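Residues per chain are reported as follows:
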Amino acid sequence: MKARVTVYPRREILDPQGKAIRDALSRVGFPGVDDVRAGKSFEISLAGEDPEAARRQLRDMCERLLANTVVEDYAVELLDGGAGVQS
Amino acid sequence: MKCGVVVFPGSNCDHDIYHVLKHVLQQDVTFLWHQDDTLQGCELVVLPGGFAYGDYLRAGAMAALSPVMGAVKRHAGAGGLVLGICNGFQVLLEAGLIPGAMRRNQNLRFLCRDVYLKVERTDLPFTWKFRPGQLMRIPIAHGEGNYEDAPERLDALEANRQVVFRYVTPEGERADADPQWNPNGAARAIAGVCNTGGNVLGMMPHPERCAEPILGNTDGLTLLASAVEAGSQVLGARR
């Protein structure tokens, strides 16, 4: 089973990288960009067939390692077999 | 007092703090390897600066899960002294020994220069040799020192008197919004934080880089001398 985990700075927290990228986009000719959040994406291959168990495991991975929940939010997404349902 | 300096793959200030503890402060010092799960009886444990595990994922995230950190957590839980400097502070945050988290510096640059700190607490094992409100000039060298936490958690941190050092002007005034004096944009200009027990301290600036007259600055020596002297008193009293 393949999954994608995305980790982003939390909305209420200023994201210095995202802001710099927004300003750079404006400089190269995209003035209409209101906001950019710069995060990370992980592609994870998992053994097992149970989508619920996989999602549970992925959330646990985020809580324990992949995200720092003090400053980051995360989303997990199954890319096949799990109908791509976000949680 | 017996001091241990933890060495992670990617630590690069380990020999600096070892030198100050051993040759300037004449202490018994040993290196502690990240794969070890004991502290060899060390009373003061220092997590040094550097880029532990290459700062992969997030600064300090991988190091926080290494075997030695289990021993460091037990030591901290028993009231033992733990000092995290720069990357060591980031490791303490990721290990949950100190609340909060680090973001990239506000200007996105690696900053390497002197800053001014105000010592907010002088009743800790790490700071008892300072005068109340004393200022320090001390170097920083980091890309991620922009301390952050939720506003209510920052309020709790202040209420518990866990803010030990704050970035200030050379006159000792707060200038939180001025990048010259609050260089990385840290929330409430926070440069150093302790746990509620006061036995674990994390700080971004480098006291070991200003601890000898030949370096032109000994402000950091006051902190390290406090730790090694108070530490033996505290631990001696407990035995």
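Criteria and cut-off values
Residues numbered from 1 in each chain as written. Chains lettered and ligands numbered in written order. Predicted model: local features only at pLDDT ≥ 70, side-chain atom pairs only at ≥ 80, totals over all residues. Contact = placed C-beta atoms within 7 Å. Helix = DSSP H or I, 4+ residues; strand = E, 2+ residues; numbered from the N terminus. Nonpolar A, V, L, I, M, F, W, Y, C, P; charged D, E, K, R; others polar. Core = buried A, V, L, I, M, F, W, Y, C linked by C-beta atoms within 7 Å. Buried ≥ 20, exposed ≤ 12 C-beta atoms within 10 Å, placed from the backbone. pLDDT = per-residue confidence, 0-100. Pairing = 2+ DSSP bridges. Axes fitted to C-alpha atoms, helices over the stretch in contact; angles between N-to-C directions.

S.K.: Is there a simple way to explain the interface of chain A and chain B in this structure?
M.R.: Many authors give the size of an interface as the accessible area that is lost as the parts come together. Contacts between chain A and chain B engage eight residues on the former and eleven residues on the latter. In terms of residue count, the dominant contributor to the side of chain A that touches chain B is helix α1 (residues 16–27) of chain A (three residues). Among the residues forming the side of chain A that touches chain B, the class breakdown is six nonpolar, two polar and no charged.

S.K.: How do you make sense of the nonpolar core when you look at a structure like this?
M.R.: A general trend in soluble globular proteins is that nonpolar side chains are found buried together. Counting residues in hydrophobic clusters, the biggest one holds 81 residues, and the most contacted among them are L44, V46 and L117 of chain B. In contact with V46 of chain B, not counting residues within four places along its chain, are C3, V5, V6, I17, L83, I85 and G88 of chain B.

S.K.: Even after reading the chapter, I still don't get the confidence of the model for chain B, so can you show me in this structure?
M.R.: Detailed conclusions should not be drawn from predicted coordinates in areas where pLDDT is low. Residue and element names in this part refer to chain B. Per-residue pLDDT for chain B has a mean of 95; in total, 96% of the residues score no lower than 70. Note that residues 235–239 has pLDDT below 50 and, in this model, one contact with residues that lie over four places away or in other chains. Here the predicted complex scores 0.91 on pTM and 0.79 on ipTM.

S.K.: Would you mind going over the sheet that holds strand β10 (residues 190–194) of chain B with me for this structure?
M.R.: Strands belonging to one sheet form pairs held by backbone hydrogen bonds; the direction of such a pair is parallel or antiparallel. Residues and elements named next belong to chain B. If you walk across this open sheet you meet the nine strands as β2-β1-β3-β4-β11-β10-β9-β6-β7, and the pairing is mixed. Two strands close off the open sheet at either side, each with one partner strand: β2 (28–33) and β7 (135–142). For this sheet, the mean inter-axis angle between neighbouring strands, taken without regard to orientation, is 25°. Sheet analysis places strand β6 (residues 111–119) next to β7, joined by eight bridges and oriented antiparallel. Looking at the pairing, R113 lines up with I140 of β7.

S.K.: How should the environment of L25 of chain B be read in this particular structure?
M.R.: Residues and elements named next belong to chain B. With respect to the helices, strands and loops of the structure, L25 is situated in the loop between α1 (14–24) and β2. Separated by 204 residues in the primary sequence, L25 and E229 have C-alpha atoms spaced 9.7 Å apart. Beyond its immediate chain neighbours, meaning those up to four positions away, L25 contacts V20, L224, A225 and V228.

S.K.: Teacher, can you tell me more about the sheet that holds strand β2 (residues 40–45) of chain A here?
M.R.: Residues and elements named next belong to chain A. With respect to topology, three strands assemble into an open sheet ordered β2-β1-β3, the strand pairing being antiparallel. With partners counted over all chains shown, the strands left at the sheet margins are β2 and β3 (72–78), one partner each. In this sheet, adjacent strand axes meet at a mean angle of 20° when their direction is disregarded. Examined bridge by bridge, strand β1 (residues 2–9) and β2 share six bridges and lie antiparallel to one another. If you follow V5 over to β2, its bridge partner there is F42.

S.K.: I keep staring at the environment of G172 of chain B and nothing clicks. Help me out?
M.R.: All names here are of chain B. Mapped onto the elements, G172 comes out in the loop between β9 (163–168) and β10. Between the alpha carbons of G172 and G49 there is a distance of 26 Å; along the sequence they are 123 residues apart. When near neighbours in sequence (up to four residues on either side) are disregarded, G172 contacts K118, G133 and L135.

S.K.: What should I look at first to understand the pairing of β10 of chain B in this one?
M.R.: Remember that side chains alternate between the two faces of the sheet whenever the strand is regular. Residue and element names in this part refer to chain B. Across the five residues that make up β10, a large majority, five, are buried. Relative to β10, β9 is paired through three bridges, and the arrangement is antiparallel. When the sheet's bridge partners are listed, F165 is paired in β10 with G192. Sheet topology places β10 next to strand β11 (residues 200–203); three bridges connect them, and they run antiparallel. Opposite V193, over in β11, you have G202 as the bridge partner.

S.K.: Just to check I follow, could you spell out unusual backbone geometry for this structure?
M.R.: Note: most residues except glycine have negative phi, and most peptide bonds are trans. Residues and elements named next belong to chain B. A positive phi angle, close to 60°, is found at Q26, a residue other than glycine. Checked against the element boundaries, Q26 lands in the loop between α1 and β2. Owing to 9 C-beta atoms within 10 Å, Q26 belongs among the exposed residues under this scheme. One non-glycine residue, A189, adopts positive backbone phi at about 55°.

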